[in-house]
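Structure at a glance
These are the residues of each chain, in order.
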Amino acid sequence: MERTTRISDPAPGSRTKESVMNKRQRIALGAALAAVAVGGLTVTGSAANAQTTSTQSAGRTAGAFPARESGEVRANEAVVEAFMRDVLNGHHGDHAARYFTADMQWHGGTVGTVAGRDNVTGLMTTVVTSLPDLHAAQQDIVGQGDEVVVRLVVTGTQTGPLLGIPASGRAVRWDATDLYRLDHGKIAEEWAAEDFTAFLADTGTYRAPWIR
């Protein structure tokens, strides 16, 4: 006699429990994915939770005052533009101190770091005196937080000694990308990325093999 095995339906309460569990699992999975996705972060486990909380908090703070932040950034850009217009293009090296904090620092890569408002002002004065027709043509300016980045094309005629290079009387041209950090409306630091290789070539000091 053939035996038929019947699979009985689940108990009435088990399907409800399974449904509730599936729902909870979906919610938990969704929360985990959302935590990882916030701010474009790729983090896992407890680190994800900690990072997400921090990111969400920062997002709320930034989003709470968008107009204020935008206004401060634009104000910082205006300070940097005024500095370039007055000190560099206006050739008023002695005005530089007006734009600097007392502990201002200028970072020039292999050229070194110049610290202190008076010393950096002296550097700016030397630059605009050695290149009396210096013109820094602004190509781009971008501000974020307390920093401003400017891309420039600098031209001029070297009629005085600069960076240990005697006056050449030659026309010079180089590209520059400068990062400024501001503190309460004053320039506190500058990282100057200048194409000094072009400057050396134009002054006849040294011509790199790739310059034709």
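Structure: see above.
The structure contained in this document is the topic of the report that follows. (Residues numbered from 1 in each chain as written. Predicted model: local features only at pLDDT ≥ 70, side-chain atom pairs only at ≥ 80, totals over all residues. Heavy atoms only, no water.)

1. Considering the sheet that holds strand β3 (residues 135-144)
Applied cut-off: Whether two strands pair comes down to DSSP finding at least two bridges between them. For helices the rule is a DSSP run of H or I covering at least 4 residues; for strands it is a run of E covering at least 2, with both sets numbered from the N terminus onward. To obtain each axis, a line is fitted to C-alpha atoms, and for helices this fit is confined to the stretch in contact; angles are then taken between N-to-C directions over 0 to 180 degrees. Contact between two residues is taken to exist if any of their heavy atoms lie within 4.5 Å; hydrogens are not considered.
Taken together, six strands build an open sheet; the order of strands is β2-β1-β6-β5-β4-β3 and the sheet is mixed. The sheet is open, and its two borders are formed by β2 (113-115) and β3, each paired with just one other strand. Put simply, the sheet's adjacent strands are angled 15° from each other on average, direction ignored. As defined by bridge partners, strand β1 (residues 100-107) adjoins strand β6 (residues 186-194) across four bridges and the pair is classed as parallel. Bridge pairing in β6 links F100 to I187. In the packing of helix α4 (residues 117-130) onto the sheet, the strands contacted are β1, β2 and β4 (147-157), and the crossing angle to β1 comes to about 55°.

2. A short note on the side chain of D86
Stated precisely, the cut-off is as follows: Buried residues are those whose accessible area, probed at 1.4 Å on protein chains only, stays under 20% of the maximum for their type, while exposed residues exceed 50% and partly exposed ones sit between those limits. Lys and Arg are tallied as positive, Asp and Glu as negative. Neither His nor the chain termini are counted. Each salt bridge in this description consists of a side-chain nitrogen of Lys or Arg and a carboxyl oxygen of Asp or Glu lying within 4 Å of one another. Any N or O atom pair separated by 3.5 Å or less is treated as a polar contact, with the protein-specific requirement of one donor-capable and one acceptor-capable atom, and with residues adjacent in sequence counted only for side-chain atom pairs.
Secondary-structure assignment places D86 in helix α3 (residues 66-88). Buried charge without a partner: D86 forms no salt bridge, and the closest opposite charge is R98, 4.4 Å away. A polar side-chain atom of D86 sits 2.9 Å from a polar atom in the side chain of H92. When sequence neighbours within four positions are dropped, the list of residues in contact with D86 reads H91, H92, H95, R98 and Y99.

3. Examining the side chain of N76
Along the chain, N76 falls in helix α3. Those residues in contact with N76 that lie beyond four places of it in its chain are G145, D146, V148 and L182.

4. Digging into a negative patch on the surface
The test is simple: Patch definition: residues above 30% relative accessible area lacking any salt bridge, with like charges linked at up to 9 Å and the nonpolar side chains Val, Leu, Ile, Met, Phe, Trp and Tyr linked at up to 5 Å. Under the convention used here, a 1.4 Å probe and the Shrake-Rupley method define accessible areas, while residue burial counts only the protein chains that appear. The location of each charge is read from NZ of Lys, CZ of Arg, CG of Asp or CD of Glu.
Taken together, D103, D146, E147 and D183 make up a surface patch of like negative charges. Judged by its relative accessible area of 55%, D103 is exposed.

5. A closer look at the packing of aromatic side chains
To keep things clear, this is the line we draw: To pair, rings of Phe, Tyr and Trp, with the six-membered ring standing in for Trp, must have centres within 6.5 Å; the planes then decide the type, stacked if under 30 degrees apart, edge-to-face if over 60, and tilted in the middle.
For the structure shown, the criterion picks out four aromatic pairs. Here W174 and F199 contribute two aromatic rings whose centre-to-centre distance is 5.5 Å and whose plane-to-plane angle is 85°, an arrangement assigned as edge-to-face. Remark: F199 occurs in helix α5 (residues 196-202) and W174 occurs in strand β5 (residues 171-183); sequence separation between them is 25 residues. You can call F199 buried: its relative accessible area is 2%.

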